[in-house]
Amino acid sequence: MTTTTAPTTEIPTAAELVARARELKPLLAANAAQGEKDRRVVEESIQAMTDAGLFKISVPKRYGGYETSMRTMLDVSSAVAEADGGTSWVVTLTNVCNWLVGLMPEQAQDEVFGADPDAKVSGVLAPTAETRKVEGGYRVSGKWYYNSGSYHCTWAVMGIPITDEDGNVVDQGCALIPRSDMGFEDTWFVAGMRSSGSNCLIADDIFVPDHRVLSVPPAIGGHYQTPHTDEVLYRSALIPVLALVLVGPQLGMGRAALDFVIDKAPKKPISYTFFTSQKESTAFQLQIAEAARLIDTAHLHAYRAAADIDEAAARGDYPDYLTRSRVRSDTGYVADCITRAIDILLSAHGAGSFAEVSPLQRIWRDSAVAARHAIVSPAVSYEVYGKALLGVEQPITPMV
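In short, a report on the structure. Quantities reported herein were computed from a predicted structural model and do not represent experimental measurements. (Residues numbered from 1 in each chain as written. Predicted model: local features only at pLDDT ≥ 70, side-chain atom pairs only at ≥ 80, totals over all residues. Heavy atoms only, no water.)

## Re unusual backbone geometry
Moving on, step 1. The amide bond that connects Y145 to the next residue, Y146, takes the cis arrangement and shows omega of 0°.
Moving on, step 2. Backbone geometry places M193, a non-glycine residue, at a positive phi of 55°.
Moving on, step 3. Counting through the fold element by element, M193 comes out in the loop between β6 (183-185) and β7 (199-209).
Moving on, step 4. We classify M193 as buried; its relative accessible area is 2%.
Moving on, step 5. In this structure, Y272 takes a positive phi of about 65° despite not being glycine.
Moving on, step 6. Relative to the assigned elements, Y272 resides in the loop between α9 (248-264) and α10 (282-315).
Moving on, step 7. By relative accessible area, which is 88% here, Y272 ends up exposed. (Helix = DSSP H or I, 4+ residues; strand = E, 2+ residues; numbered from the N terminus. Buried < 20%, exposed > 50% of the residue type's maximum accessible area, 1.4 Å probe, protein only.)

Here it is, written out as structure tokens:
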């Protein structure tokens, strides 16, 4: 099937999408504890977000999607994270994997979004698989950890080595595979982001046709397979998008933590002092100011990086290596700032932060786990940027 005429879908503005996400906050927050217990986002929450169009923000308009922007992806993920970090992580990873499908040949896009406009894609880029070249495609076997949203996805984008007829690895790619063709292993037993359902998906000698394989090295340089080069969102820089999108949940969790501590301060005394409320304490006021400043700084860096991506895509330019390196650095710095801010807020609020009934302890755990994602890693990201600034030609990763 080929979709040539855009469906008559009214495209909501970015502000409207964020407002929809915030309208769901009571429901998503109420389901957060159950999602953590089940180690998967509650289906009621998934359905509510589907109905609100929150999984359509990176789907092409040709299929009834909203085809928005990097900034909108950040803001929607951030708004969901104000209610629950794990739920936001599933929204975030699904949307960015949906975006990856938009880079592929039209036949692949038709098979996913043409068949199901509400399709949800998970993904792991690490090529933890074996492939065998056959006529018209590849036979693929492998296991991929960790697929966020594995319980809810209908397709998956999986990293593979691309081999020739003699079995030699000649390239690296991503294979688009129906979830129904894959096995499942329950492996996600973690301290934070428990509801993200980031389990293992398994392929056992699955055939993947050529049109559902994306070659990664050309894509890193901005050479995509989609024929729709007029679609701005799918001209966005690959690694900057894949990295920056992961700190959208951090922004919302940082704001949620700050709001919670400020809200409790007027009625919460400081034990073993004469302060009957935390807000009376100069030390507490300084902690709140520092945490707020770090959260503001995180937003400024995230939004600058999003602008770098969106403005280049709008111009039809691909960001140069230095700009892409700076986006990696900004991504790491956002995680760094939010992690530090939440640590300050935990101490400012006191030991009650760690009560099981407190949302603050779940925010802390979810943020801490998400901040350790390999492509977010501040240390690696800073080194990439420093080398680029100094012209040091010793790359430590191709993911720039």
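## A short note on the packing of α9 against helix α11 (residues 321-349)
Moving on, step 1. Between α9 and α11, the least distance of the axes is 10 Å, while the angle of their chain directions is 20°. Taken together, the axes of α9 and α11 are roughly parallel relative to one another. You can see that α9 and α11 cross each other, and the crossing is left-handed. Between α9, through Q250, L251, G254, A257, L258, F260, V261 and K264, and α11, the contact on the second element is made entirely by V334, I338, I342, L345 and H349.
Moving on, step 2. Class assignment for the residues of the contact of α9 with α11 results in nine nonpolar, three polar and one charged. (Axes fitted to C-alpha atoms, helices over the stretch in contact; angles between N-to-C directions. Parallel < 35°, antiparallel > 145°, perpendicular 65-115°, else oblique. Left-handed = near helix turned anticlockwise from the far one by under 90°. Contact = heavy atoms within 4.5 Å. Nonpolar A, V, L, I, M, F, W, Y, C, P; charged D, E, K, R; others polar.)

## Section: the state of the cysteines
Moving on, step 1. The tally for this structure, following the rule as stated, stands at zero disulfides.
Moving on, step 2. Its sulfur unpaired, C97 is 8.9 Å from the next cysteine sulfur, which belongs to C174. (Disulfide = S-S within 2.5 Å.)

## Considerations on the nonpolar core
Moving on, step 1. Grouped together as the largest cluster of nonpolar side chains are 98 residues, with contacts concentrated most on W99 and L238.
Moving on, step 2. By size, the runner-up hydrophobic cluster in this structure holds 18 residues, among which are A129, C153, L201 and V208. (Core = buried A, V, L, I, M, F, W, Y, C linked by side-chain atoms within 4.5 Å.)

## Considerations on empty space enclosed by the protein
Moving on, step 1. The full count for this structure, using the stated rule, is one cavity of 30 Å³ or more.
Moving on, step 2. Of the pockets and cavities examined, the largest cavity occupies roughly 30 Å³.
Moving on, step 3. L28, N31, A32, G35, V41, V42, S45, D84, T87 and S195 together form the lining of the largest cavity.
Moving on, step 4. At four residues, the largest contribution of residues to the lining of the largest cavity is made by helix α2 (residues 25-38).
Moving on, step 5. Tallied by class, residues from the lining of the largest cavity come to four nonpolar, five polar and one charged. (1 Å grid on protein atoms, 1.4 Å probe; cavity = no way out; pocket = protein on both sides within 12 Å on 5 of 7 lines; lining within 4 Å. Points joined across faces, edges and corners; volume = space filled by probe spheres on them.)

## Some points on the sheet that holds strand β5 (residues 169-178)
Moving on, step 1. Spatially, the four strands line up as an open sheet ordered β1-β4-β5-β8, and their pairing is mixed. In this open sheet, the two strands that pair with only one neighbour each are β1 (121-124) and β8 (213-215). Adjacent strand axes in the sheet meet at a mean angle of 30° when their direction is disregarded.
Moving on, step 2. In terms of strand pairing, strand β4 (residues 155-163) meets β5 through nine bridges, oriented antiparallel. In the strand pairing of β5, W155 is matched with P178. (Pairing = 2+ DSSP bridges.)

Keep in mind these values describe shape, not function.
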